[in-house]
Amino acid sequence: MLLPTLVLLGVFAYFPLTRLVHMGLWRPNRFGTRETWVGPANFVEVLTGEDFRTGVWISARYVLLTVPIGLLLGLVLALAAHRRLKGIRVFQTVFSSTIASSAAVSAVVFYSLINPKIGRFGDVSWLSLADPDTALRGVALSSIWQNLGLTFVIVLAALQTVPDELLEAAALDGFGSVRRTTKVVLPLISPALAFLGVVLMVSAFQSFAQVELLTGGGPAGSTETLVFKIFERQSPGSISEGAVMSIGMFAITFVMTMVQLTLTSRKVHYGGR
Amino acid sequence: MLDGLTKRFGDLQVVDHLSLEIHDREFFVLLGPSGCGKTTVLRMMAGLDAPTSGTITLGDTVVNHLDPRRRDVAMVFQSYALYPHMTVAENIEAPLLGRGGSRREGRAARARQVREAAEILGLGELLGRKPAALSGGQRQRVALARALVRRPQLFLMDEPLSNLDAKLRTRTRLDLVDLWRQLDATIVFVTHDQVEAMTMATRIAVMADGILHQVGAPTDVYDDPDDLFAATFLGSPPINVLEVADLEPSTNGLGPLPTGTTQLGVRPEHLRTVSEDAPAGELALLRGTVRGREALGHEVHVVARVGARDVVARQPAHDATPAPGSPIILGFHPSDALAFDRDGARVR
Amino acid sequence: MAVGDRRVLGRTLRTTGSYLLLSLLSVVILLPVWLMIVRAVSPPFVYIDRGQPWFPVEADWGVFADAWSASDLGRAMALSLAVAAIITVGQLLTSIMAGYAFAFLDFPLKRILFVVILATMLLPAEVTLVANVRTIRELGWLDSLPGLTVPSLATAFGIFLLRQTFLGIPPELRDAALLDGFGHYRFLRRVVVPISRPTIGSLALITMLGAWGSYLWPRAVTTDPSWNTVQLVLRQLTTQEVDSANLAVAAAIISAVPILVLLLVFQRQIIRGLSAGAVKG
């Protein structure tokens, strides 16, 4: 019963890991017909090189631009929509609607909004896609919007697990609604927020569709995230470099996940049981 | 029949060399406190757990290595284990669908069997419902119907009454005994409730810590227990245990006790209040103070402090009892007392 | 009485405030969608000439039909649907089988194998992309359904989710099934899967959602435009010039409609699937 799974994961998860190492150590010629040994020096060269560094830096900035704001907005939406009102389901549906939008669709949405040539807001300077200093913000905006539905839905689901009695008890203790939120609700949903944080970080670190559709990595390479750079390096002449960058990216996402998980498992409040 | 049945989980000896013979058409109750291994015995008989050593024989065959299905036994679980996504009818039908047995029978035959089983338990109206839409008592009956639809030679029941409320439990006891008579079947019934054991069993096996303490008819075990554990486990309120050494010489109208006796067991119904001036006759007497009384309507339990322990006496409802704090004398016939040695074994 | 009145007034005010806030937030979220529709139905140059107003100019609803025919959208959506269906069915099969094995069977190396499978959650597809594309090329699977689907047929997430769900099934049910003479296959088909249908449904829906929206992998293993999935068609359209911008936008809207319908119909199940892992119980 396990065999199909093990074969699939073996071929497409574990084998590629070793394969990447191999690809990093051997460089094919221009036609991909012969490989020559380039050795571990290739790793050092690529991982300390300018391209990898800027790729990591751009991806990291992208994470910083998208995750905190995205989380905060999701939280605001969820807190706003977590109440007993007539027709609240309609609002909840609206808030979760961007789940239906793929990365490419949301890129097209923002293409029509902020593309320098045709966008309704193409000339707004602080997110102009034509300016290397601001282009990444425009891309980030489309990612934030796309993930809003997911973030909202998860935070709302977490809010709904907070028992009513707890809030009633807090109200009887004289907690106002703000303090109820910060002292009772937030600590209780912090595991969900932590989980969400990791998911959003890892996915933001690997954004590709938005970048390719909105800027194609430009202007002047200012939105070339790490994945974008790796994707561009698949020709025989550069694939060795792409493989090493992939390993570098693996190390980064791995550490990111681990650090985040250990940090949050200590800080967050696992309620109840 | 069970012979030298032993079950270990790691270092934990759950069932220790248990040997038992259960007769045809018995209502056999395995009685013991929770964690005593009785459920494990049942599961080994069902084939859900494999014994570490020992043999299980059903009829003439050793079934140790037979699949549960091939043992021709049915089990009623404490939680009933009804399939939540199936209707009552489908739940009852499930045992007819498994491999082996009589599954070659057609759909119509199965439907008839299901209907019969449902009929016996009065579930006719409920066949189309899902378990979630049933009351506790109805679920319990579905579980019984599922067990009997295959007409197995042996029914195993694991505390099937414990999830019912008190009133329903009392009624269901009678229903179960009726069912047992009607089916002419053998039932092995596991419970920690001595009332269930006393009221339903033809024979009881008292177990504790994986060890069999006594097997016998309910009244035999009650009247003539083999050890202190069996004596205390049966009866409510439980038997009063008195240290011989604690008894005042003056109350010791007991006559000679069997050698080795260190403790006496006296059941509450054998104790009665004796007034100071009345002739003691051949009664042994205990002097103490009244701690309290629990009136149950049909009788009263008088709790008296005698020396360092509480002694409970059972009295008719309308007998006058002294107020709490006042002195009281309790008497019993020495012949009603059960003698035990230091290890709790009965001395006769 | 005055106090009561004030209290009622306070509540009414608060309710009104809530609605206002919720409506405002809805507008913010939906504004991009609205502008997208405006953009789609307004001829590009006319729209720009009029200073890009908030409402459609010279609305031309035929743009959706144009986008459908001009961009090969029908073929692309059929392909995406096939890809999503294969991946979903495949993942359900592998997840149910593996989840069952980890929940109900005993076999050597069980724990180690579980960790080995779970560990692939730390390995994003983006990392293995370069190597996997090469494998697919060597298998001759570029521009093919196997190339688009096979690497996604098993995921640690699905296996983990179903294993957890299966472990929640009361052990007595397995015992009862044993006594009823159900072997593993029957128990799986007649008891485990029906009982776990909500989770399996959620898993199916979010897998479908993910497969439909996936971009990087199809982009990497297709070279021939006739193997473009829906998402890749959008890329083709956006790289063209201003005069066809409305087509790109219209195509994006069309491509999102099936998912939007799915979301509206199965909102609860999808939400349950997405928040699995984040929220206990």
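Going along each chain's sequence as written, the residues are numbered from 1 onward. To read the labels, note that chains go from A and ligands from 1, taken in the order they are written. For this predicted model, a pLDDT threshold of at least 70 governs which residues receive local features, and a threshold of 80 or more governs which side-chain atom pairs are given and counted, while totals over whole chains, interfaces and linings are taken from all residues. Note that water and hydrogens are dropped before the side-chain values are worked out from all heavy atoms of the structure.

**Here we look at the overall build of chain A**
Here comes step 1: Along chain A, the regular secondary structure elements total eleven helices and two strands.
Here comes step 2: Runs of E in the DSSP output that reach at least two residues are strands. Runs of H or I that reach at least four are helices, and both are numbered from the N terminus. If you list the helices and strands of chain A from N to C, you get α-β-β-α-α-α-α-α-α-α-α-α-α.
Here comes step 3: For chain A, the spread of C-alpha atoms along the principal axes amounts to about 75 × 50 × 35 Å.
Here comes step 4: Each residue's exposure class comes from its accessible area (1.4 Å probe, protein chains only) as a fraction of the maximum for that residue type: buried when under 20%, exposed when over 50%, partly exposed otherwise. A burial count over chain A gives 54% of its 273 residues as buried.
Here comes step 5: A separation threshold of at least 6 residues defines the contact pool for chain A, and within that pool the share at least 24 residues apart is 68%.
Here comes step 6: Charge separation in chain A, taken as the distance between the mean sites of 21 positive and 15 negative side-chain charges, equals 6 Å. Whether two residues touch is decided by their heavy atoms; if any such pair falls within 4.5 Å, the residues are in contact. In this tally, Lys and Arg are treated as positive and Asp and Glu as negative; His is ignored, and so are the chain termini. Every charge is mapped to an atom, namely NZ of Lys, CZ of Arg, CG of Asp or CD of Glu.

**So, the sheet that holds strand β9 (residues 203-208) of chain B**
Residues and elements named next belong to chain B.
Here comes step 1: Here six strands make up an open sheet; going across it, the order is β6-β7-β8-β3-β9-β10 and the pairing mixed. With one partner strand each, in any of the chains shown, β6 (73-76) and β10 (211-216) form the two edges of the open sheet. Taking each pair of neighbouring strands and ignoring which way they run, the sheet shows an average axis angle of 15°.
Here comes step 2: Pairing between strands requires that DSSP locate at least two bridges from one strand to the other. One ladder, built from four bridges, connects strand β3 (residues 27-31) with β9; its direction is parallel. Paired with V29 across the two strands is I204, which belongs to β9.
Here comes step 3: In the packing of helix α4 (residues 136-148) onto the sheet, the strands contacted are β6 and β7 (154-158), and the crossing angle to β6 comes to about 175°. Only C-alpha atoms enter the line fits that serve as axes; for helices the fit covers just the stretch in contact. Angles between N-to-C directions range over 0 to 180 degrees.

**Some details on the side chain of T191(B)**
Residues and elements named next belong to chain B.
Here comes step 1: By the element assignment, T191 lies in strand β8 (residues 186-191).
Here comes step 2: With relative accessibility at 0%, the residue T191 sits in the buried group.
Here comes step 3: Here E196 takes part through its side chain, which lies 2.8 Å from a polar atom of the side chain of T191.
Here comes step 4: With residues up to four places along the chain from it excluded, the contact list for T191 reads V29, L30, L31, G32, K38, E159, E196 and A197. Whenever a nitrogen or oxygen atom comes within 3.5 Å of another N or O atom, the pair is scored as a polar contact, on the condition that within protein one atom can donate a hydrogen and the other can accept it, and that pairs from neighbouring residues in sequence are kept only if both atoms are in side chains.

**Quick look at the sheet that holds strand β14 (residues 284-295) of chain B**
Residue and element names in this part refer to chain B.
Here comes step 1: In space, the five strands of this open sheet follow the order β13-β17-β14-β15-β16, with antiparallel pairing throughout. The strands lining the two open edges of the sheet, one partner per strand, are β13 (272-273) and β16 (309-316).
Here comes step 2: Here β13 pairs with strand β17 (residues 327-332) via two bridges, running antiparallel. Looking across to β17, one finds that T273 is bridged to L330.

**A word on the interface of chain A and chain C**
Here comes step 1: In this complex, chain A contributes 79 residues to the contact, which on the side of chain C involves 88 residues.
Here comes step 2: Between chain A and chain C, a total of about 7,400 Å² is buried, with carbon and sulfur atoms accounting for 74% of that surface.
Here comes step 3: Three residues, M1(A), F12(A) and R120(A), lead the burial of chain A against chain C; their summed loss comes to 10% of the area buried on that side.
Here comes step 4: By definition, a salt bridge exists where a carboxyl oxygen of Asp or Glu is found within 4 Å of a side-chain nitrogen of Lys or Arg. In this structure, the connection of chain A to chain C is made through three salt bridges.
Here comes step 5: Of the charged contacts, one joins R235(C) and E212(A) as a salt bridge, the two residues approaching to 3.6 Å between their closest N and O atoms.
Here comes step 6: By residue number, the principal contributor to the side of chain A that touches chain C is helix α1 (residues 3-25) of chain A, which donates 15 residues. Throughout, the accessible surface (probe 1.4 Å) given up by two parts as they are put together, summed over both, is called the buried area.

**Let's talk about the side chain of T120(C)**
Here comes step 1: Take T120(C): it is sitting in the loop between α5 (110-119) and α6 (125-138).
Here comes step 2: Among residues more than four places away in sequence, those in contact with T120(C) are L9(A), A13(A), Y14(A) and A156(C).

**Some remarks on helix α2 (residues 88-97) of chain B**
Here comes step 1: Burial runs high along α2(B): eight of the ten residues are buried.
Here comes step 2: Those residues of α2(B) not exposed but buried are V88(B), N91(B), I92(B), E93(B), A94(B), P95(B), L96(B) and L97(B).
Here comes step 3: Structurally, α2(B) contributes buried residues whose contacts are with α3 (107-120) and α4 of chain B together with α10 (184-195) of chain C.

**Looking at the confidence of the model for chain C**
Residue and element names in this part refer to chain C.
Here comes step 1: pLDDT is a per-residue confidence score from the predictor, ranging from 0 to 100. In this model, chain C carries an average pLDDT of 87, and 96% of its residues clear a pLDDT of 70 or more.
Here comes step 2: Across chain C, helix α4 (residues 73-104) holds the top mean pLDDT of 94, while helix α2 (residues 44-49) sits lowest at 79.
Here comes step 3: Here the predicted complex carries an ipTM of 0.87, next to a pTM of 0.83.

**Quick look at the interface of chain C and chain B**
Interface size is commonly expressed as the accessible surface area that is lost when the partners come together.
Here comes step 1: Between chain C and chain B, the residue contacts involve 16 residues of the former and 23 residues of the latter.
Here comes step 2: For the chain C and chain B pair, buried surface summed over both sides reaches about 1,600 Å², with 63% attributable to carbon and sulfur atoms.
Here comes step 3: Summed over the three residues of chain C that lose the most area to chain B, namely D175(C), L179(C) and D180(C), the buried surface amounts to 36% of that side.
Here comes step 4: At the boundary of chain C and chain B, one finds one salt bridge.
Here comes step 5: Scanning the region where chain C abuts chain B turns up seven residue pairs in polar contact (both at pLDDT 80 or more).

**So, the nonpolar core**
Here comes step 1: Here, nonpolar core refers to any group of buried Ala, Val, Leu, Ile, Met, Phe, Trp, Tyr and Cys residues whose side-chain atoms link them within 4.5 Å. Grouped together as the largest cluster of nonpolar side chains are 145 residues, with contacts concentrated most on F95(A), F152(A) and L22(C).
Here comes step 2: Domain borders in the structure are assigned automatically or taken from a domain database. Two domains each put at least three residues into this core: domain 1 (3-49) and domain 2 (64-276) of chain C.
Here comes step 3: Look past the residues within four positions of L22(C) in its chain and what remains in contact with it is A80(A), A81(A), L85(A), I88(A), F91(A) and F95(A).
Here comes step 4: Core analysis: the second largest hydrophobic core is formed by 53 residues, V73(B), Y83(B), V190(B) and F182(C) among them.

**Thoughts on the pairing of strand β12 (residues 263-266) of chain B**
All names here are of chain B.
Here comes step 1: Burial along β12 is two-sided: Q263 and G265 and L264 and V266, pointing in opposite directions, are all buried.
Here comes step 2: Note: strand β11 (residues 240-243) against β12, four bridges, orientation antiparallel. Across the sheet, residue V241 finds its bridge partner in β12, namely G265.
Here comes step 3: Sheet topology note: the β12/strand β18 (residues 338-340) ladder contains three bridges and is antiparallel. Considered in β18, the bridge of Q263 is made with F340.

**Side note on the environment of V184(A)**
All names here are of chain A.
Here comes step 1: Structurally, V184 can be placed in helix α8 (residues 177-205).
Here comes step 2: Residues V184 and V162, spaced 22 residues apart in sequence, show a C-alpha to C-alpha distance of 8.9 Å.
Here comes step 3: When near neighbours in sequence (up to four residues on either side) are disregarded, V184 contacts L166, L167, A170, F175 and R179.

**Brief notes about the pattern of salt bridges**
Here comes step 1: For the coordinates displayed, the defined rule picks out 23 salt bridges over all chains.
Here comes step 2: The salt bridge partner of D310(B) is R291(B), with a shortest N-O separation of 2.4 Å. In this pair, D310(B) is assigned in strand β16 and R291(B) in strand β14, connecting sequence segments 19 residues apart.
Here comes step 3: On the basis of relative accessible area, D310(B) is assigned to the partly exposed category, the value being 30%.
Here comes step 4: A residue is classified by how much of its surface remains accessible, and R291(B), at 52% relative accessible area, is exposed.
Here comes step 5: Linked by salt bridges that have partners in common, D51(A), R233(A) and E241(A) make up one network.

**Regarding the packing of aromatic side chains**
Here comes step 1: Aromatic rings from Phe, Tyr and Trp, taking only the six-membered ring of Trp, are treated as a pair when their centres fall within 6.5 Å; an angle between ring planes under 30 degrees marks them as stacked, one over 60 as edge-to-face, and anything in between as tilted. One pass over the structure, following the stated rule, counts 21 aromatic pairs over all chains.
Here comes step 2: Between W26(A) and W37(A) the ring centres are 5.4 Å apart and the planes differ by 75°, which places this aromatic pair in the edge-to-face class. Remark: W37(A) occurs in strand β2 (residues 35-37) and W26(A) occurs in strand β1 (residues 26-28); sequence separation between them is eleven residues.
Here comes step 3: W26(A) sits in the partly exposed class, given a relative accessible area of 30%.
Here comes step 4: Members of the aromatic cluster, each reached through a chain of ring pairs, are F208(A), F228(A), F231(A) and Y215(C).
Here comes step 5: Any Lys NZ or Arg CZ that is within 6 Å of a ring centre and within 35 degrees of that ring's normal is treated as a charge sitting over the ring. The lysine or arginine in question, R146(B), covers the ring of Y83(B), its NZ or CZ lying 5.2 Å from the ring centre.

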